[in-house]
Amino acid sequence: MAILSGAGISTDSGIPDYRGPQGLWRRDPEAEKLVTYDYYMSDPDIRRRSWQMRRDSQALHAKPNRAHEAVARLERSGTPVRVITQNVDGLHQLAGLPARKVLELHGTARAVVCTRCKARSDMAEALERVAGGEPDPACLACGGILKSATVMFGESLDPEVLTGAVAVAKACEIFIAVGTSLQVQPAASLAGMAAESGARLIIVNAEPTPYDELAEELIREPIGTALPALLERIAAEG
C-alpha cells in the first residue's frame, strides 16, 4: 500500500495548509519570497525574515494526530506501507513510522543544509542561534548560507527521492491520496501513475481533485476520522 499525504493530514496538528483557500500564500503573496530560492539567496533581508518566520512558527512543536497515528499503527500490524509525503513536518516519523518507510518529496523542516558545502545540521540548533542574536546564521563549517532542508520554490525535487516515489506508485496495489489537492506536480502525477498501473486509487480530500475520475473511492469526510476508519477497513479486508 502507498499513501500520498499532503497538507490536509497535518491541519489537525495545528499546521496550516499554506495553499488552501485561506492559506498564507493566498493571503500574503509576499510571504512566498521567504521560501523562494532566488530571493532567499540574493537578499539578506529575505533571509532574516525567513529565519524569523521559522523561529515564530509552531510547526516544529506540532504533534502527530489520529491520521498519522493510524498510518503508523497499520505499518506495525504487518501491512506493507510506504508513505510519500508532500509535507516537511516529519509527523509521520514522530507517530512511529520508520524513517525508511517515508519518502519526503519536499524535504524536511527539521534540518538545515549549507548551500555551499552541503553540511546538514539540526534546525533546532540553528533556531537557538537565531534566538541568541544571529539573525542570519551562517554555516559553522564553511561560512556559507544556511537554508531549511526543504525544497524551496525554484528548486528541483531530489531525483533519488522522486525516482523512489515513482517506483512505489507503480508497484503498489492500493494508492491512497490523503489531504492533497493533487495539483502540484510532479507529486500529483503519482496518483495517475498508480491508477494506470492497476492500483486501487482512493482519494481522501475535502475538495475535488483533477484525479477524482480515476478513483475507485472518494472520501470527503474529515481526515482525522476518515483515514483511521479507511485503514481499519482495508486491513480487515486483508
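These numbers come from a predicted model, not from an experiment.

**Topic: the sheet that holds strand β5 (residues 120–122)**
For step 1, the next point in the chain: Taking strand neighbours across the sheet as the criterion, the three strands line up as β5-β4-β6 in an open arrangement whose pairing is antiparallel. At either end of the open sheet lies a strand with only one pairing partner, and these are β5 and β6 (146–150). Taking each pair of neighbouring strands and ignoring which way they run, the sheet shows an average axis angle of 45 degrees.
For step 2, the next point in the chain: Both strand β4 (residues 107–114) and β6 contribute to a ladder of four bridges, which runs antiparallel. In the strand pairing of β6, Cys-114 is matched with Leu-146.

**Remarks on the layout of surface pockets**
For step 1, the next point in the chain: In this model, the second largest pocket occupies a volume close to 400 Å³.
For step 2, the next point in the chain: Forming the walls of the second largest pocket are 20 residues, and the residues nearest its centre are Val-113, Arg-120, Ala-149, Thr-150 and Val-151.
For step 3, the next point in the chain: Among the secondary structure elements, those contributing two or more residues to the lining of the second largest pocket are β4 and β6.

**A closer look at the packing of aromatic side chains**
What describes a pair of aromatic rings is the distance from one ring centre to the other and the angle between the planes of the rings.
For step 1, the next point in the chain: According to the stated counting rule, one finds zero aromatic pairs in the structure shown.
For step 2, the next point in the chain: Sitting over the ring of Trp-51, Arg-54 keeps its end group 4.4 Å from the ring centre.

**Description of unusual backbone geometry**
For step 1, the next point in the chain: Of note, the bond from Gln-185 into Pro-186 is cis; its omega dihedral lies within 30 degrees of zero at 5 degrees.
For step 2, the next point in the chain: Looking at the element boundaries, Pro-186 is found in the loop between β7 (174–178) and α8 (189–196).
For step 3, the next point in the chain: Unusually for a residue other than glycine, Lys-118 sits at a positive phi of about 70 degrees.
For step 4, the next point in the chain: As for its position among the elements, Lys-118 is in the loop between β4 and β5.
For step 5, the next point in the chain: For Lys-118, a relative accessible area of 56% corresponds to the exposed category.

**Side note on the packing of helix α3 (residues 44–56) against helix α6 (residues 123–131)**
For step 1, the next point in the chain: Put simply, α3 and α6 touch, their axes get as near as 10 Å, and they point 110 degrees apart. Compared by their axis directions, α3 and α6 come out roughly perpendicular. In the crossing of α3 with α6, the sense of the turn from one axis to the other is left-handed. In this structure, α3 contributes Trp-51, Arg-54 and Arg-55 to the contact, and α6 contributes Met-123, Ala-126, Leu-127 and Val-130.
For step 2, the next point in the chain: Looking at side-chain class alone, the contact of α3 with α6 contains five nonpolar, no polar and two charged residues.

**Describing the packing of helix α7 (residues 159–171) against α8**
For step 1, the next point in the chain: The contact between α7 and α8 brings their axes to 7 Å, and the two run at 35 degrees. Where α7 crosses over α8, the handedness of that crossing is right-handed. For the pair formed by α7 and α8, the contact residues are Ala-165, Val-166, Ala-169 and Lys-170 on the first element and Leu-190, Met-193 and Ala-194 on the second.
For step 2, the next point in the chain: When the residues that make up the contact of α7 with α8 are grouped by side-chain class, the tally is six nonpolar, no polar and one charged.

**Details of the side chain of His-106**
For step 1, the next point in the chain: Along the chain, His-106 turns up in the loop between β3 (102–104) and β4.
For step 2, the next point in the chain: In this structure His-106 comes out as buried when scored by relative accessible area, which is 19%.
For step 3, the next point in the chain: A distance of 2.9 Å separates the side chain of His-106 from the backbone oxygen of Gln-86, its partner in a polar contact.
For step 4, the next point in the chain: His-106 has contacts with Thr-85, Gln-86, Val-88, Ala-149, Thr-150, Val-151 and Leu-157, leaving out every residue within four places of it along the chain.

**Overview of the nonpolar core**
For step 1, the next point in the chain: Within the largest apolar cluster, 25 residues are counted, with the highest numbers of intra-cluster contacts made by Ile-84, Leu-105, Phe-175, Leu-182, Leu-190 and Ile-203.
For step 2, the next point in the chain: Of all the elements in the fold, those that place two or more residues in this core are β1 (2–5), α7, β7, α8 and β8 (200–204).
For step 3, the next point in the chain: A per-element tally of this core places α7 first, with five residues.
For step 4, the next point in the chain: The next biggest cluster of nonpolar side chains, apart from the first, holds 23 residues, and it includes Ile-3, Ala-67, Ala-226 and Leu-227.

**Quick notes on the pairing of β7**
For step 1, the next point in the chain: Burial within β7 is extensive, with five of its five residues counted as buried.
For step 2, the next point in the chain: Neither face of β7 is exposed, since Ile-174, Ile-176 and Val-178 on one face and Phe-175 and Ala-177 on the opposite face are all buried.
For step 3, the next point in the chain: Sheet topology note: the β1/β7 ladder contains four bridges and is parallel. Note on β7: the bridge partner recorded for Ala-2 is Phe-175.
For step 4, the next point in the chain: Across five bridges, β7 lies against β8 in parallel orientation. By the bridge assignment for β8, Ala-177 is matched with Ile-203.

Rules behind the numbers
Residues numbered from 1 in each chain as written. Predicted model: local features only at pLDDT ≥ 70, side-chain atom pairs only at ≥ 80, totals over all residues. Heavy atoms only, no water. Pairing = 2+ DSSP bridges. Helix = DSSP H or I, 4+ residues; strand = E, 2+ residues; numbered from the N terminus. Axes fitted to C-alpha atoms, helices over the stretch in contact; angles between N-to-C directions. 1 Å grid on protein atoms, 1.4 Å probe; cavity = no way out; pocket = protein on both sides within 12 Å on 5 of 7 lines; lining within 4 Å. Points joined across faces, edges and corners; volume = space filled by probe spheres on them. Phe/Tyr/Trp six-rings, centres within 6.5 Å; stacked < 30°, edge-to-face > 60°. Lys NZ or Arg CZ within 6 Å of the ring centre and 35° of its normal. Buried < 20%, exposed > 50% of the residue type's maximum accessible area, 1.4 Å probe, protein only. Parallel < 35°, antiparallel > 145°, perpendicular 65-115°, else oblique. Left-handed = near helix turned anticlockwise from the far one by under 90°. Contact = heavy atoms within 4.5 Å. Nonpolar A, V, L, I, M, F, W, Y, C, P; charged D, E, K, R; others polar. Polar contact = N/O pair within 3.5 Å; in protein donor to acceptor, adjacent residues only side chain to side chain. Core = buried A, V, L, I, M, F, W, Y, C linked by side-chain atoms within 4.5 Å.

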